[in-house]
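# Observations on the model geometry
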Amino acid sequence: MRDPDALLVRAGVRGDPERDQHFLIDDRVLDRLPGYLPDSADTDHVLEIGGGTGALTDRLLDVADRVTVIERDPGLATFLTDEFADEIEAGSLTVIEGDALEVPLPDFTASVSNLPYGVSSEIAFRLLPEKRPLVLMFQQEFAERMAAEPGTDEYGRLSVTAGHYADVEVVEPVPKEAFSPPPAVESAVVRTTPREPPYEVPDDELFMRLVRAVFTQRRKTMRNAVRNTTHISGIEDAEAVVEAAGEDLMSKRAGNVPPEAFARLAAIAAEVDG
Ligand SMILES: C[S@@+](CC[C@H](N)C(=O)[O-])C[C@H]1O[C@@H](n2cnc3c(N)ncnc32)[C@H](O)[C@@H]1O
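Residues numbered from 1 in each chain as written. Predicted model: local features only at pLDDT ≥ 70, side-chain atom pairs only at ≥ 80, totals over all residues. Heavy atoms only, no water.

## Brief notes about the UniProt feature "binding site: S-adenosyl-L-methionine" in the protein chain
Mapped onto this numbering, the UniProt entry gives "binding site: S-adenosyl-L-methionine" at His 22, Leu 24, Gly 50, Glu 71, Asp 99 and Asn 114. For Gly 50, the position within the fold is in the loop between strand 2 (45-49) and helix 3 (55-63). Within the secondary structure, Asp 99 is located in the loop between strand 4 (93-97) and strand 5 (110-114). In this structure, Asp 99 is in contact with Ile 70 and Arg 72, ignoring residues within four places of it in sequence. There is a polar contact of 2.8 Å between the side chain of Asp 99 and the backbone nitrogen of Leu 101. (UniProt positions renumbered as here; feature names shortened; annotations may be inferred. Helix = DSSP H or I, 4+ residues; strand = E, 2+ residues; numbered from the N terminus. Contact = heavy atoms within 4.5 Å. Polar contact = N/O pair within 3.5 Å; in protein donor to acceptor, adjacent residues only side chain to side chain.)

Below, the structure written as structure tokens:
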């Protein structure tokens with residue numbers, strides 16, 4: 001395996017936090033990351049967002065038939081193209097220079113990525129609807145909110161919307177010292193295993209809008225949250241929705257409402273609002 005420190009020297013970079021560049025230099029963390037993919041994962045075509053100097057890319061090439069890396073920094077994309085010239089020639093690696101929020105995504109079967117934290121949420125919600133297993137490095141606080149259960153302080157919009165697409169688990173906390181330069185906050189690795197949600201929604205968009213709306217008022221009862229956020233949820237007749245949803249749900253606070261109850265509320269909203 002390529003040595004992460006030697007890659008930094010060869011690339012002649014230090015990592016620019018302004019450009020979300022914190023390179024993983026801990027070999028043990030790097031070696032473990034691909035192994036967090038679920039056993040059932042198809043490793044035919046693994047996508048890596050933010051290749052950096054290629055330390056993780058190298059480990060992914062070891063387990064995958066094909067790897068595609070998307071890297072925004074033109075200098076790093078050029079370095080990756082030179083460093084992995086043999087793998088590119090052999091057809092096992094493709095380097096795409098571009099913004100992972102804008103370039104078309106390849107038809108990947110799984111993704112393992114140490115994400116740029118400035119856009120980690122946007123990237124996660126670009127990948128999750130693709131319904132592929134993901135192993136992603138996030139800021140620890142974000143990772144814990146993503147995997148949180150109802151009734152906990154961390155549970156919120158992020159937990160419900162991520163859980164709509166997949167089972168979400170925090171699989172490893174990662175200290176700052178594992179990166180160069182070290183980020184300001186601790187990190188954690190999240191595994192998402194795609195599955196159908198254990199409930200039905202009339203339409204994904206209405207469900208997401210409703211969840212977003214009521215969590216802007218998480219200290220209020222659901223009754224007041226539904227009434228106060230129609231500009232976000234798009235609900236036209238809030239009183240009719242509150243009435244139809246019933247006292248038990250409407251007297252709770254959003255932080256104690258499980259995803260299936262939000263789904264039921266979305267179904268009621270779709271029916272009552274027409
Ligand atoms: C946290 S570093 C990880 C680098 C490398 N994979 C590693 O583990 O050492 C994130 C990488 O994403 C790149 N990056 C930042 N924003 C990006 C974006 N919007 N699209 C693609 N790459 C991006 C940065 O240049 C940097 O190389």
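Back to the write-up after that little detour.
## Some remarks on helix 6 (residues 120-127)
Taken together, the buried positions of helix 6 are occupied by Ser 120, Ile 123, Ala 124 and Leu 127. Relative to the axis of helix 6, the buried residues are bounded by an arc of 100 degrees and lie together on one face. Check the buried side of helix 6 and you find it contacts strand 2, strand 5 and strand 6 (134-139). (Buried < 20%, exposed > 50% of the residue type's maximum accessible area, 1.4 Å probe, protein only. Arc of directions from axis to C-beta.)

## Quick notes on the confidence of the model for the protein chain
Confidence in the prediction of the protein chain, expressed as mean pLDDT, is 97, and 100% of residues score 70 or more. Reported confidences for the modelled complex are a pTM of 0.96 and an ipTM of 0.99. (pLDDT = per-residue confidence, 0-100.)

## Description of the packing of aromatic side chains
Taken as a whole and judged by the stated rule, the model has 4 aromatic pairs. Judged by centre distance (5.6 Å) and plane angle (50 degrees), the ring pair of Phe 215 and Phe 262 falls under tilted. On the criterion of sequence distance, the pair formed by Phe 215 in helix 9 (residues 204-215) and Phe 262 in helix 14 (residues 259-273) is long-range, its members being 47 residues apart. Among the residues examined, Phe 215 registers a relative accessible area of 10% and is labelled buried. Feature note: the residues Tyr 155, Phe 215 and Phe 262 constitute an aromatic cluster, connected by ring pairs. (Phe/Tyr/Trp six-rings, centres within 6.5 Å; stacked < 30°, edge-to-face > 60°.)

## Considering the site of the ligand
Lining the immediate environment of the ligand, one finds 21 residues, of which Leu 24, Gly 50, Glu 71, Ala 100 and Asn 114 sit closest. Glu 71 is positioned with one of its side-chain polar atoms (N or O) 2.6 Å from an oxygen atom of the ligand. Compared with its free state, where it exposes 600 Å², the ligand has 98% of that area covered by protein. Every element with two or more residues in the shell around the ligand is listed here: strand 1 (23-24) and strand 3 (66-71). Per-class residue counts for the shell around the ligand are 7 nonpolar, 7 polar and 7 charged. (Near = heavy atom within 4 Å. Areas by Shrake-Rupley, 256 points an atom, 1.4 Å probe, with all protein chains shown as cover. Nonpolar A, V, L, I, M, F, W, Y, C, P; charged D, E, K, R; others polar.)

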